[in-house]
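# Observations on the three-dimensional arrangement
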Amino acid sequence: MVQRFAGIVGALFLLLGIIGLFMHDLFGLIHFDGVHNTVHLIIGAAGLLAAGSETNATWYARIVGFVYVLLGIVGFALPDLFGAMHLETAENVLHLVVGALALFAGFTAQRIQVVTIRSKSN
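Owing to the predicted nature of the structure, the values given are computational and were not obtained by experimental measurement. (Residues numbered from 1 in each chain as written. Predicted model: local features only at pLDDT ≥ 70, side-chain atom pairs only at ≥ 80, totals over all residues. Heavy atoms only, no water.)

### Some points on helix H3 (residues 54-77)
- For H3, built from 24 residues, the straight-helix expectation of 34 Å at 1.5 Å per residue is met to within 8% by its first-to-last C-alpha distance of 35 Å.
- Listed as buried for H3 are Ala57, Thr58, Tyr60, Ala61, Arg62, Val64, Gly65, Tyr68, Leu71, Gly72 and Gly75.
- Between a side-chain oxygen at the N-terminus of H3 and the backbone nitrogen of Thr55 the separation is 3.3 Å; the capping residue is Ser53. (Helix = DSSP H or I, 4+ residues; strand = E, 2+ residues; numbered from the N terminus. Expected span 1.5 Å × (residues − 1). Buried < 20%, exposed > 50% of the residue type's maximum accessible area, 1.4 Å probe, protein only. Polar contact = N/O pair within 3.5 Å; in protein donor to acceptor, adjacent residues only side chain to side chain.)

### Observations concerning the environment of Ala50
- Checked against the element boundaries, Ala50 lands in helix H2 (residues 34-50).
- Along the sequence, Ala50 and Arg4 sit 46 residues apart, while their C-alpha atoms lie 9.9 Å from each other.

### Regarding a nonpolar patch on the surface
- Judged by side-chain polarity, Trp59, Ile63, Phe66, Val67 and Leu70 come together as a nonpolar surface patch covering roughly 530 Å² of accessible area.
- Among the structural elements, Phe66 can be located in helix H3.
- Given the relative accessible area of 56%, Phe66 is considered exposed. (Patch = residues over 30% accessible without salt bridge, like charges linked within 9 Å, V, L, I, M, F, W, Y side chains within 5 Å. Areas by Shrake-Rupley, 256 points an atom, 1.4 Å probe, with all protein chains shown as cover. Salt bridge = Lys/Arg side-chain N within 4 Å of Asp/Glu carboxyl O.)

### A few points about the environment of Leu26
- Along the polypeptide, Leu26 turns up in strand E1 (residues 25-26).
- In this structure Leu26 comes out as buried when scored by relative accessible area, which is 17%.
- Separated by ten residues in the primary sequence, Leu26 and Leu16 place their C-alpha atoms 9.2 Å from one another.

### Description of the packing of helix H1 (residues 2-22) against H2
- Interaxial distance between H1 and H2 falls to 7 Å at its minimum, and their mutual angle equals 150°. With respect to H2, the axis of H1 lies roughly antiparallel. Both H1 and H2 take part in a crossing whose hand is left-handed. Two secondary-structure elements touch here, H1 through Ala6, Gly7, Gly10, Ala11, Phe13, Leu14, Leu16, Gly17, Ile18, Gly20 and Leu21 and H2 through Asn37, His40, Leu41, Ile43, Gly44, Ala45, Gly47 and Leu48. (Axes fitted to C-alpha atoms, helices over the stretch in contact; angles between N-to-C directions. Parallel < 35°, antiparallel > 145°, perpendicular 65-115°, else oblique. Left-handed = near helix turned anticlockwise from the far one by under 90°. Contact = heavy atoms within 4.5 Å.)

### Some thoughts on the packing of H2 against H3
- As a packed pair, H2 and H3 sit with axes 8 Å apart at the nearest point and diverge in direction by 155°. If you check the angle between H2 and H3, you find them roughly antiparallel. Within the contact between the two elements, H2 uses Val39, His40, Ile43, Ala46, Gly47 and Ala50 and H3 uses Asn56, Ala57, Tyr60, Val64 and Tyr68.
- In terms of residue class, the contact of H2 with H3 is made up of eight nonpolar, three polar and no charged. (Nonpolar A, V, L, I, M, F, W, Y, C, P; charged D, E, K, R; others polar.)

### Some remarks on the environment of Gly28
- Relative to the elements of secondary structure, Gly28 occurs in the loop between E1 and strand E2 (30-31).
- Assessed through its relative accessible area of 43%, Gly28 is described here as partly exposed.
- A sequence separation of 60 residues divides Gly28 from Glu88, and the C-alpha atoms of the two residues are 9.5 Å apart.

### Let's talk about the side chain of Thr108
- Structurally, the position occupied by Thr108 is in helix H4 (residues 89-121).
- Residue classification places Thr108 among the buried residues on the basis of a relative accessible area of 14%.
- Polar contacts involving the side chain of Thr108 include one to the main-chain carbonyl oxygen of Phe104, which spans 2.5 Å.

Spatial relationships are all this shows, so hold off on functional conclusions.
Given below as structure tokens:
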């Protein structure tokens, strides 16, 4: 499950990074700039690379989850993020949702695997 999550999130963020190279906003909800595009491309490429291994995908999900939940919270308090990039409300909500899903995938991956292994040995 966590490998699939890393691959899907990686592909979506890579797509967002590529779209951001050609557009300045997406439906008026998500605004792109150089920092956004760079972060999206890095997160996307890392997700695709991490999807090849369960261990890497688990760490990817945990790190992305923590960073994106934090970014979502900070984005509501500091929408200009100290001048680094502008975060819209829709982006903050998206960051919180992606972060929560990533934390769920990253911290439940090993538990699901252990249950599966035990059930097969009985």
